[in-house]
Amino acid sequence: DAKTTQPTSMDCAEGRAANLPCNHSTISGNEYVYWYRQIHSQGPQYIIHGLKNNETNEMASLIITEDRKSSTLILPHATLRDTAVYYCIVRVNAGNMLTFGGGTRLMVKP
Amino acid sequence: DGGITQSPKYLFRKEGQNVTLSCEQNLNHDAMYWYRQDPGQGLRLIYYSQIVNDFQKGDIAEGYSVSREKKESFPLTVTSAQKNPTAFYLCASSQRGTANTGELFFGEGSRLTVL
């Protein structure tokens, strides 16, 4: 699986959009981009995933660049409960193993 | 409700003792996983199982053992051979085959402390 690079930490004001970047410059054509988040001392929670096209669900939007070497997770209106570590992972869909790196610690502030 | 149940949530162990962490799921998932997380770090894969009676080592399997006798259960034993077992342990499951979206479902974790 391709490796990912994320900033260690980010701050966001409550009610504003949180834009979390992820670099995956070695991604191959059949690898998906997944995002999970982990609230302190809980198990990670799936957020969204995509291959080429931008994706949106009730939690977030995923914007993948045309060359697929980077992506951005967007939380449109961040709340205090969105404070968590966000993991960006790339993975071949045929396999089941996910490798979690260090992630980005997002702090949403009032 | 469907989900993954890990027990115990907190566990204390003396050095030299083996301990078994329980993981049960009622999601009818074929695949199950064990991850370890140290403070401030990401998750590292210990063992995984794609099907009953079969399992594979992950990145940090030394000092751990697992069994998969039933589809819904995937217990992890932390043996005395594990040099630094104090950590947060997470169990997960997923579907296989065409139904697989890559989504892992995680339990709430078990925090093991070796005294």
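To keep things clear, this report deals only with the structure shown in the data block. Remember, predicted model here, so these are calculated numbers, not experimental data.

With respect to the environment of Phe88(B)
Item 1. Its location among the elements puts Phe88(B) in strand β9 (residues 87-94).
Item 2. Separated by 23 residues in sequence, Phe88(B) and Ser65(B) have C-alpha atoms that sit 16 Å apart.

Structural notes on the layout of surface pockets
Item 1. The computed volume of the largest pocket comes to approximately 490 Å³.
Item 2. Along its surface, the largest pocket is lined by 26 residues, and His40(A), Val85(A), Arg105(A), Gln37(B) and Gly40(B) are the ones closest to its centre.
Item 3. It is strand β9 (residues 104-109) of chain A that contributes the most residues to the lining of the largest pocket, four residues altogether.
Item 4. Split into classes, the residues belonging to the lining of the largest pocket amount to 10 nonpolar, 13 polar and three charged.

A look at the state of the cysteines
Item 1. Under the criterion given, the structure shown has two disulfides over all chains.
Item 2. Across a sulfur-sulfur distance of 2.1 Å, Cys22(A) and Cys88(A) are joined as a disulfide pair. On the sign convention where negative is left-handed, the bridge of Cys22(A) and Cys88(A), at about -85 degrees about the S-S bond, is left-handed. Taken as a pair, Cys22(A) in strand β2 (residues 18-23) and Cys88(A) in strand β8 (residues 84-92) lie far apart in primary sequence, 66 residues in all. Like Cys88(A), Cys22(A) is buried.
Item 3. Here Cys23(B) engages in a disulfide with Cys91(B); their sulfurs sit 1.9 Å apart. Here the disulfide of Cys23(B) and Cys91(B) is left-handed, its torsion about the S-S bond being about -75 degrees. Of the two residues, Cys23(B) is situated in strand β3 (residues 19-25) and Cys91(B) in strand β9; the sequence distance between them amounts to 68 residues. The same class applies to Cys23(B) as to Cys91(B), namely buried.
Item 4. Note on Cys12(A): no disulfide assigned, nearest cysteine sulfur contributed by Cys22(A) at a separation of 18 Å.

What counts as what
- Residue numbers restart at each chain and count upward from 1, following the sequence in its written direction.
- Key to labels: chains lettered from A, ligands numbered from 1, both in the order written.
- pLDDT decides what is reported in this predicted model: residues at 70 or higher carry local features, side-chain atom pairs at 80 or more are listed and counted, and totals for whole chains, interfaces and linings draw on all residues regardless.
- Only hydrogens and water are set aside when side-chain values are computed; all heavy atoms of the structure are taken into account.
- Labels follow the DSSP assignment, with helices taken as runs of H or I lasting at least four residues and strands as runs of E lasting at least two, numbered in each case from the N terminus.
- A 1.4 Å probe that fits into a set of points on a 1 Å grid over the protein atoms alone but cannot get out defines a cavity; an open set with protein on both sides within 12 Å along at least five of seven lines defines a pocket, and lining residues are those with an atom within 4 Å of a point.
- Grid points are joined across faces, edges and corners, and a volume is the space filled by probe spheres set on the points.
- Just so you know the grouping, Ala, Val, Leu, Ile, Met, Phe, Trp, Tyr, Cys and Pro go in nonpolar, Asp, Glu, Lys and Arg go in charged, and all remaining residues, Gly too, go in polar.
- Defined by distance alone, a disulfide is two cysteine sulfur atoms within 2.5 Å.
- Buried means the residue's accessible area, taken with a 1.4 Å probe over protein chains only, is under 20% of the maximum for its type, while exposed means over 50%, and partly exposed covers the values in between.

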